[in-house]
Amino acid sequence: MASGGLTCVKYLTFFCNLLFALTGLLIFLVGGMVQLNYAHYSSFVSDHVWTAPIILIIVGAAVAVICFLGCCGALKESSCMILSFALLAVVIFLFEIGLGLAGYVKHTGLHQVMECQFNSTMQHYKERADYRDAWTLLQTELDCCGINGPNDWETIFRNSTLPAACCSLINLSEAKECTNVHATQHGCLQKLLEILDSKTLILASVVLGVAGIQMLTILFACCLYRSFRRSYDHV
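These numbers come from a predicted model, not from an experiment.

Q: Report on the overall build of the protein chain, specifying residues and quantitative values.
A: Scanning the protein chain from terminus to terminus reveals eight helices and zero strands. For the protein chain, the sequential pattern of α-helices and β-strands runs α-α-α-α-α-α-α-α. Expressed as a percentage of its 235 residues, the buried residues of the protein chain come to 36%. Contacts spanning at least 24 positions in sequence make up 72% of the contacts within the protein chain whose residues lie at least 6 apart.

Q: Can you break down the nonpolar core residue by residue, with the values?
A: Ranked by size, the top nonpolar core spans 28 residues in total, and within it Met 114, Phe 118, Trp 135, Leu 138, Trp 153 and Leu 192 carry the most contacts. Secondary structure elements with two or more residues in this core: helix H5 (110–123), helix H6 (129–142) and helix H8 (188–234). No other element matches the five residues that H8 contributes to this core. Apart from the residues within four sequence positions on either side, Trp 153 is in contact with Met 122, Tyr 125, Trp 135, Gln 139, Cys 145, Gly 146, Arg 158, Leu 162, Pro 163 and Cys 166. If you look at the next biggest cluster of nonpolar residues, it comprises 22 residues, including Val 63, Ile 66, Ala 89 and Val 210.

Q: Pulling in residues and values, what's your account of the UniProt feature "transmembrane region" (unreviewed entry) in the protein chain?
A: The residues that UniProt annotates with the feature "transmembrane region" (unreviewed entry) are residues 12–34, 54–75, 82–105 and 201–225. End C-alpha to end C-alpha, residues 12–34 measures 33 Å, and it is 100% helix and 0% strand. Structurally, residues 54–75 is divided into 100% helix and 0% strand, and its ends, taken at the C-alpha atoms, are 33 Å apart.

Q: Describe unusual backbone geometry, with residues and values.
A: Phi at Asp 143 is positive, roughly 55 degrees, even though this residue is not glycine. With respect to the element layout, Asp 143 can be found in the loop between H6 and helix H7 (154–157).

Q: Requested: an account of a nonpolar patch on the surface, with residues and values cited.
A: On the surface, a cluster of nonpolar side chains totalling about 370 Å² of accessible area is made up of Leu 22, Leu 25, Phe 28 and Leu 29. Along the polypeptide, Leu 22 turns up in helix H1 (residues 4–38). Overall, the relative accessible area of 52% leaves Leu 22 in the exposed class.

Q: Please set out the side chain of Gln 139 residue by residue, giving values where relevant.
A: Secondary-structure assignment places Gln 139 in helix H6. Taking the relative accessible area as the measure of exposure, Gln 139 reaches 1% and is therefore buried. Of the polar contacts made by the side chain of Gln 139, one reaches the backbone nitrogen of Gly 146; its length is 3.0 Å. Those residues within four positions of Gln 139 in sequence are excluded, and the remaining contacts are Cys 144, Cys 145, Gly 146, Trp 153, Pro 163, Ala 165, Cys 166 and Cys 188.

What counts, and at which threshold
Residues numbered from 1 in each chain as written. Predicted model: local features only at pLDDT ≥ 70, side-chain atom pairs only at ≥ 80, totals over all residues. Heavy atoms only, no water. Helix = DSSP H or I, 4+ residues; strand = E, 2+ residues; numbered from the N terminus. Buried < 20%, exposed > 50% of the residue type's maximum accessible area, 1.4 Å probe, protein only. Contact = heavy atoms within 4.5 Å. Core = buried A, V, L, I, M, F, W, Y, C linked by side-chain atoms within 4.5 Å. UniProt positions renumbered as here; feature names shortened; annotations may be inferred. Patch = residues over 30% accessible without salt bridge, like charges linked within 9 Å, V, L, I, M, F, W, Y side chains within 5 Å. Areas by Shrake-Rupley, 256 points an atom, 1.4 Å probe, with all protein chains shown as cover. Salt bridge = Lys/Arg side-chain N within 4 Å of Asp/Glu carboxyl O. Polar contact = N/O pair within 3.5 Å; in protein donor to acceptor, adjacent residues only side chain to side chain.

Below is the structure:
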């Protein structure tokens, strides 16, 4: 029979595993929400940046599977399962740290990347229907116009006409088409960048909280493994 100290560590490890599983669910949900709510802006952000939500979904699912090993190992007092859980948890932890560092590095150059994507989609606005749809959605949802303002569209249309999405409301007695006079003067690049910046802070906070819980779980798992080994050695 396990000693009182071993029993305490065992159930602490089991409890931390449940928290670990919740962190996996949290990562999964955050990745899913970002993908669901902002995937339609992917035309304005490079592909390597937009793979982050997909990676979060995969990591969240992996954490949930790994927690099964930890919970079973703690309840069955299996040192092999606990060791496997601890090693896999360390791999996930290091992967998350690497993902966070990579995200920080990529974030520092996000403005330049987005500006390049904005220019590319605008230059091909007339040729590609998907870009036209993307610009219509972006300008409608964010109540913005052009990259830095409505004047950006002059190089595309070669006249004073603007996409209808630039004008949220037109008085038909004054004009029948959207022009600079009626268009919103806010550019879309800065607005979208502010949204992504705010979401980055949320993601960073989530990752820090998750990393703390995961590190605690790994430490308890290591203690439990040592306790199991000592118990078996005495037997």
